[in-house]
Amino acid sequence: MAQVVLGISFKMESMTEQYEKRWGEGVIDFKDTSLPSLKIGWIADRLPQGPIDLLDYGCGEGKLLKSFARVRPEINFYGIDIQQPKTVSEFQFELKKNETEPLFSSKNFDAIVSVDVLEHVPDIRTCLQHIGRHLKNDGKLYLFVPAEGQFFSFYNFYRLFLGQDLYRKTKDHYKYTRKQILEFIREQYEIEDLNYAYHFFGSLMDATFFAVCAIPKVAKWWWTKNSIYHPNEKKSLPSLALELANSICYWESKILRRSSFGASGLFIKARKKTTL
């Protein structure tokens, strides 16, 4: 079945991939004006000093850990995910099977980071409880969470035409609102810092691109060829366009970081409640 939006035919039944979905392994340049550098920079500015133990909860290929290692070599890095990374030379890795089993023999951490992860989780409350069990009493949690369930959003505009499960198909995201995300976190944590991202241009770019990823050839290019996830690939015109759009969205999020109006992304620094 094909659906047509703005003159583009989306063959939704053709979403079966013949390639691995991996969220990139290239080291992030802190000086870049891109959304990945925005996220890692926000966290780096708030990390405690010294040789701390840091866990990346949902580390993927270890992109964040490898990037932090370039500027904070004194940190002890750990990562967990449901998929084995290709290389783990810069950090200790453990395969995560569920949200209840102990991690690294029940080790507790000074800092836990989780970027672009909670939106993939059907039960955020249980996931946050699992994180809290491995955070020291004075430890800090650093999150970036997309909030793609806002009623007035480009995400809902595309869902109206392409189906409510559009972004579950193209990037495995659940449609949480900002209010829902913050309520889940405040049940178990005290929020110490809150910034916003993905405002007009950021959400427009993200919602549009991943709607277009309903076209199999576009999705395959994203997962295998785009220069942000695959920096060693030759830069094509689409990659250059994506980098330019990232730069625009970077500066928009930087300038409007204190404004929630129209934002579809949350930066959160929190500490767990003593009763957790």
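This write-up is about the structure you can find in this document. Each chain carries its own residue numbering, running from 1 in the written order of its sequence. The model is predicted, so local features are restricted to residues of pLDDT at least 70 and side-chain atom pairs to those at 80 or more, both for listing and for counting; the totals for chains, interfaces and linings are taken over all residues. Based on all heavy atoms of the structure, the side-chain values leave hydrogens and waters out of the count.

### Focus: the overall build of the chain
A run of DSSP states H or I qualifies as a helix once it reaches four residues; a run of E qualifies as a strand once it reaches two. Both are numbered from the N-terminal end. A tally of regular secondary structure across the chain gives nine helices and nine strands. For the radius of gyration, the atom set is restricted to C-alpha positions; the globular benchmark scales as 2.2 Å times the number of residues to the power 0.38. In terms of overall size, the chain behaves like a compact globule, its C-alpha atoms giving a radius of gyration of 18 Å where 276 residues would be expected to give roughly 19 Å. The contact criterion used throughout is that any non-hydrogen atoms of two residues lie within 4.5 Å. In the chain, once contacts between residues fewer than 6 apart in sequence are set aside, the share between residues at least 24 apart is 73%. Looking at the chain, you have 38 positive and 33 negative side-chain charges, and the mean spots of the two groups are 2 Å apart. In summary, the charge assignment counts Lys and Arg as positive and Asp and Glu as negative, without counting His or the chain termini. Here the site of a charge means atom NZ of a Lys, CZ of an Arg, CG of an Asp or CD of a Glu.

### Describing the packing of helix H7 (residues 200-212) against helix H8 (residues 216-224)
Axes here mean lines fitted to C-alpha atoms, for a helix over just the part in contact, with angles spanning 0 to 180 degrees between N-to-C directions. Contact geometry of H7 with H8 gives a least axis separation of 8 Å together with a crossing angle of 115 degrees. Residues Phe209, Phe210 and Val212 of H7 touch H8, and the partners they reach there are Val218, Trp221 and Trp222. Residues are grouped as follows: nonpolar covers Ala, Val, Leu, Ile, Met, Phe, Trp, Tyr, Cys and Pro; charged covers Asp, Glu, Lys and Arg; every other residue, Gly included, is treated as polar. Its residues assigned to classes, the contact of H7 with H8 shows six nonpolar, no polar and no charged.

### Some remarks on the layout of surface pockets
We place a 1 Å grid over just the protein atoms. Points where a 1.4 Å probe fits but has no way out form a cavity, open points with protein on both sides within 12 Å along at least 5 of 7 lines form a pocket, and any residue with an atom within 4 Å of a point lines it. Grid points are joined across faces, edges and corners, and a volume is the space filled by probe spheres set on the points. There is about 350 Å³ of room inside the second largest pocket. What lines the second largest pocket is a set of 15 residues, among which Asp32, Ser34, Ser227, Ile228 and Glu243 lie closest to the centre.

### Examining unusual backbone geometry
With phi around 55 degrees, serine 105 is a residue other than glycine that occupies positive phi space. Relative to the assigned elements, serine 105 resides in the loop between strand S5 (92-95) and strand S6 (109-115). Any residue under 20% of the maximum accessible area for its type is buried, any over 50% is exposed, and the rest in between are partly exposed; the area is computed with a 1.4 Å probe on protein chains only. For serine 105, a relative accessible area of 75% puts it in the exposed group. Positioned with a positive phi, aspartate 172 is a non-glycine residue whose angle comes to about 60 degrees. Secondary-structure assignment places aspartate 172 in the loop between helix H5 (166-171) and helix H6 (178-188).

### What to know about the packing of aromatic side chains
Between the rings of Phe, Tyr and Trp (Trp by its six-membered ring), a pair exists once the centres lie within 6.5 Å; its type follows the angle of the planes, with under 30 degrees stacked, over 60 edge-to-face, and the other angles tilted. All chains considered together, the criterion is met by 18 aromatic pairs. Taken together, a centroid distance of 4.8 Å and an interplanar angle of 55 degrees make the contact between phenylalanine 144 and phenylalanine 267 tilted. In this pair, phenylalanine 144 sits in strand S7 (residues 135-146) while phenylalanine 267 sits in strand S9 (residues 265-272), placing the two residues 123 residues apart along the sequence. As far as the burial class goes, phenylalanine 144 and phenylalanine 267 line up, both buried. Here the aromatic rings of phenylalanine 209 and tryptophan 221 are separated by 6.1 Å at their centres, their planes lie at 70 degrees, and the arrangement is edge-to-face. A residue pair is termed long-range when its members are at least 10 positions apart, and phenylalanine 209 in helix H7 and tryptophan 221 in helix H8 qualify at twelve residues. Accessibility assignment for this pair places phenylalanine 209 and tryptophan 221 in one class, buried. Taken together, the ring pairs connect Trp42, Phe144, Tyr198 and Phe267 into an aromatic cluster. Across the ring face of phenylalanine 109, the terminal group of lysine 107 is positioned such that the distance to the ring centre comes to 5.8 Å. When the NZ atom of lysine or the CZ atom of arginine is within 6 Å of a ring's centre and also within 35 degrees of its normal, the charge is said to sit over that ring. Positioned over the ring face of tyrosine 174 is arginine 168, at 4.1 Å from the centre of the ring.

### Brief notes about helix H4 (residues 154-162)
Every buried residue of H4 is accounted for by Tyr155, Asn156, Tyr158, Arg159 and Leu162. Angular distribution of buried residues about the axis of H4 spans 160 degrees; they occupy a single face of the element. At the exit of H4 stands glycine 163, carrying a positive phi of roughly 110 degrees. Directions pointing from the helix axis toward each C-beta atom define the arc.

In short, the description is geometric, and any link to function would need to be established separately.
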